[in-house]
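Chain by chain, the residues run as shown.
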Amino acid sequence: MNKKTVFIGFIAAFIAATMIFEGGAAKSESGQGLSIGVVSVKRIFDESKKYSRFRDDMTAEQERVLAELEKARADIEAERAGLKTLKQGTTEYMGRVKVMMEKQAKLTAEQEFQKQQLALKERQLIEQMHTDIVRITGEVAQKRGLDLVLENSEIELAEVSDDMLVMSMLMRTVMYSSGCVNITDEVMKEIDSAK
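Student: Could you clarify how one ought to interpret the pattern of salt bridges in this entry?
Tutor: Using the criterion set out here, one finds 16 salt bridges in the structure. Here R135 makes a salt bridge to D132, at a shortest N to O gap of 3.8 Å. One end of the pair, R135, and the other, D132, are both in helix α4 (residues 91–144), 3 residues apart, so they sit about a helical turn from each other. Among the residues examined, R135 registers a relative accessible area of 40% and is labelled partly exposed. Overall, D132 belongs to the buried group, its relative accessible area being 4%. R135 is the salt-bridge partner of E139, the closest N and O atoms lying 3.3 Å from each other. Linking E139 with R135, this pair stays in helix α4, spanning 4 residues, or about one helical turn. In the salt-bridge network here, residues are joined through shared partners; they are K50, D132, R135 and E139.

Student: I keep staring at the sheet that holds strand β1 (residues 36–39) and nothing clicks. Help me out?
Tutor: The parallel open sheet is built from 3 strands, whose spatial order is β2-β1-β3. Strands with a single pairing partner mark the edges of an open sheet, and in this sheet they are β2 (148–151) and β3 (181–182). Relative to β2, β1 runs parallel, the two being bridged by 4 bridges. Bridging from a neighbouring strand, G37 pairs with V149 of β2.

Student: I keep staring at the packing of α4 against helix α6 (residues 184–193) and nothing clicks. Help me out?
Tutor: Each packed pair of helices is defined by two parameters, the angle between the axes and the distance between the axes. One way to put it is that α4 packs onto α6 with a least axis distance of 9 Å and a crossing angle of 125°. The pairing of α4 with α6 is recorded here as oblique in orientation. You can see that α4 and α6 cross each other, and the crossing is right-handed. Across from I133, I136, T137, V140, K143 and R144 in α4, the residues of α6 making contact are E186, V187, E190 and I191. Its residues assigned to classes, the contact of α4 with α6 shows 5 nonpolar, 1 polar and 4 charged.

Definitions and cut-offs
Residues numbered from 1 in each chain as written. Predicted model: local features only at pLDDT ≥ 70, side-chain atom pairs only at ≥ 80, totals over all residues. Heavy atoms only, no water. Salt bridge = Lys/Arg side-chain N within 4 Å of Asp/Glu carboxyl O. Helix = DSSP H or I, 4+ residues; strand = E, 2+ residues; numbered from the N terminus. Buried < 20%, exposed > 50% of the residue type's maximum accessible area, 1.4 Å probe, protein only. Pairing = 2+ DSSP bridges. Axes fitted to C-alpha atoms, helices over the stretch in contact; angles between N-to-C directions. Parallel < 35°, antiparallel > 145°, perpendicular 65-115°, else oblique. Left-handed = near helix turned anticlockwise from the far one by under 90°. Contact = heavy atoms within 4.5 Å. Nonpolar A, V, L, I, M, F, W, Y, C, P; charged D, E, K, R; others polar.

So, in structure tokens, the structure goes:
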């Protein structure tokens, strides 16, 4: 299981816990039984047009960065090949070694910077997604008169690594939801229509 899937699972569990604690007692304010809804955070993340655009933008950014880094690597390889034409120990040779080492150090620093930069952008995206889903789920739930909304994402156990299998099963927040209103499509529609 990759880092994103684990993180999305934690988000889903957090949303469910938040909504349960905010829901309060087992009866609604009218004294009737609770009106319960479910939402699939994983499905929203996977199928939302807005998040698809964000993922496409991130992929394009990663490809741009990789192309720049590859160009720098090729330049270093050209320097290394050029060294073979020079006599070792000469001033010219040592000058080219210095240039190559400076380029290598710059490449290493740029790789680390870009790695951190992309990770930060991805984290900000996921945090914004979480904020959007919680807010819009609450708005849709209020419109629908729901007292409680639980996270109900399906987990594809075949896609989960062995070391994360038990964790994935434990993170499942709803085991059965017959009769609950599924508001996933409504939440996704609102997310996609928001600017």
